[in-house]
Amino acid sequence: MKKYQVAATLLALCPAAVMGQSSRSIAVWNAGEPSYFSINATDSLKYESDETLAVYSGGVRESFDTRNIDSVTVVSPAVTNTNSRSDDELAAEFSSLTFSSTAYKKVGNGNPLMGHKFGADPFAMVDGDRVYIYMTDDHLYKDNGEVIKEGYGDTRRISIISSEDLVNWSDHGAQPVAGSGAPASWANNSWAPCAAHKTIDGKEKYFLYFADNGSGIGVLTADTPYGPWKLPKSGMKQLISRSTPNCGDVTWLFDPAVLVDDDGKAYLYFGGGVPDGKDSDPGTARCVQLGDDMISIVGTPQKINPPYLFEDSGINKVGGKYLYSYCSNWTGNSNPGVAKIAYMTSDSPLGPFRYVGAIFDNPGDAGWAGGGGNNHHAMFEFQGKYYMTYHTRALKSAMRKDWPDIADGAELRSACLSEMKVDTVKGTVTKLNASQTSITGVAQIRNFNPYANVPGATMAWERDITTSYDNVGNKFSKKMSCPAHAKAGSWMCLSNVDFKNGAVGLTLKAKGKGVIKFCNGTSKYNKAFALVEVQDDGNYKTYTVPVSNMPIGVSKKLYILFSGDISLESWSFF
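Quick summary incoming for the structure in this document. The structure presented is a predicted model; accordingly, all values stated were derived computationally and were not measured.

1. A closer look at the sheet that holds strand E14 (residues 257-260)
- Spatial strand order, E14-E15-E16-E17: four strands in an open sheet with antiparallel pairing. Here the strands that pair on one side only, and so sit at the sheet edges, are E14 and strand E17 (297-304). On average, each strand axis in the sheet is inclined to that of its neighbour by 20°, with strand direction left out of account.
- With five bridges connecting them, strand E15 (residues 266-271) and strand E16 (residues 285-290) associate as antiparallel partners. In the strand pairing of E16, Gly-271 is matched with Ala-285.

Shown next, in the form of structure tokens:
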């Protein structure tokens, strides 16, 4: 673009009109890609040299080589502002609030994956560019408010989260699975879930397998990886039960794991427990081929003989070999060691399997993990790397100083993540010691996209945020996440949010009463990128506001602050 063309373009912008409206913006088209800027009365466009056009927006300077500029245009129509009060009036709602910069999951740490709730026995399923983690819904209070001091008898939900980058996670809610009013109304409990997906009759279907305490394996199905879940067919109950051949003597019919092989055939692995006098060879693990429909079995379940088995089936295919992994028992002289993850290999999905050794110590051996307990894991490949998800008591330990209701025996575990070293040619796994795992977690594998429709309950860190599953009228099937519920002083934070094109506006869906502030910290001195006034009418409503002070590039920490009782369903910058 020549000098006179730039000048003509800037004149065409009608600066007097643009500069006087905070809700207007410009787009600089550079090599076919737009960069957006909010323009207000204090900002400016400057032609600084023959080759440099500078845009000053929100106190930030961005320069462009005029030789590469295609055009400079006004984004029109103007961003609609749904706020009824000025930004100064909305910002004043935060002046009397104190936002704690601390959280039970420390900002910057990747483990545990969630800081706002618990989740145990994690299983990972990769679907496209997202990984989904399915967990036993460990929780502190029953629905009637009674404190759960120990045990799993009240566990009838499965919790699901997902991520594209392994640091920012979307919460899909603790979803009803077992008990009255749930899809599996015949089941007493839902423990240790796993999930799989498969194309059947040209349509991708999703399957959720779970344990009805230790008495059998159930299965539900859905059209999305996050539900809602339903019975595969009317009247169907357990997929695996005491009456299943070769399963009557299995101590615990639980802890399922599923592998869909390269040829489309699928296999189910389950079982656990230690019969008296059989510590070294319990004989309580089983595997069986699933039917093409994924809700039936083919033939008789076969026995696997992992030495010193306790529980926790895992299955992976690496380098043409099948890796069966499990948690060892508490026998003091056990070969793998007490409550460690060990594995076996086979050339066939149904065995025979050959014992290799331990690959993961009990997380309780790590100082940050909050003490020992059972060990439960799942290995998975995602974006070219291998990871292990497992649970610790780190969040429980951090919360105990503020929550006297948390008893010693309360099973409140949290999913964590560590990277694994796997030889994809030989099909072997390098041991990951508990001392090598870290509360800092894994590296974020991609920047977060703020221009997508972001589910409200998406966060890396938070303070005083809660979530709840809502499937009223089966509308949840169209949502990716449950809402994030906040109160005055609550906040959420996301990691490495990429505003590569800047932003001119923000749209979100929320209900409640108060103000939502998007900024880069919890201090009152952090300038707001956007202030959204949420008006109380009892229903979710869409709000749109202009954006200012937004730096172009990656925001290492994007905070969302709340001044009142608000439920945030979704948001997106544009």
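2. Topic: the side chain of His-139
- Note on placement: His-139 falls in the loop between strand E8 (130-136) and strand E9 (157-163).
- Taking relative accessible area as the criterion, His-139 reaches 17% and is therefore assigned buried.
- A distance of 2.6 Å separates a polar side-chain atom of His-139 from the backbone oxygen of Asp-137.
- At a separation of 2.9 Å, a polar atom in the side chain of His-139 contacts the side chain of Asp-154.
- Apart from the residues within four sequence positions on either side, His-139 is in contact with Ile-148, Asp-154, Thr-155 and Leu-412.

3. Quick notes on the environment of Lys-142
- Mapping Lys-142 onto the fold places it in the loop between E8 and E9.
- Its relative accessible area of 30% is what places Lys-142 among the partly exposed residues.
- For Lys-142 and Thr-155, which are 13 residues apart along the polypeptide, the C-alpha to C-alpha distance reads 9.2 Å.

Basis of the calculations
- Residues numbered from 1 in each chain as written.
- Predicted model: local features only at pLDDT ≥ 70, side-chain atom pairs only at ≥ 80, totals over all residues.
- Heavy atoms only, no water.
- Pairing = 2+ DSSP bridges.
- Helix = DSSP H or I, 4+ residues; strand = E, 2+ residues; numbered from the N terminus.
- Axes fitted to C-alpha atoms, helices over the stretch in contact; angles between N-to-C directions.
- Buried < 20%, exposed > 50% of the residue type's maximum accessible area, 1.4 Å probe, protein only.
- Polar contact = N/O pair within 3.5 Å; in protein donor to acceptor, adjacent residues only side chain to side chain.
- Contact = heavy atoms within 4.5 Å.

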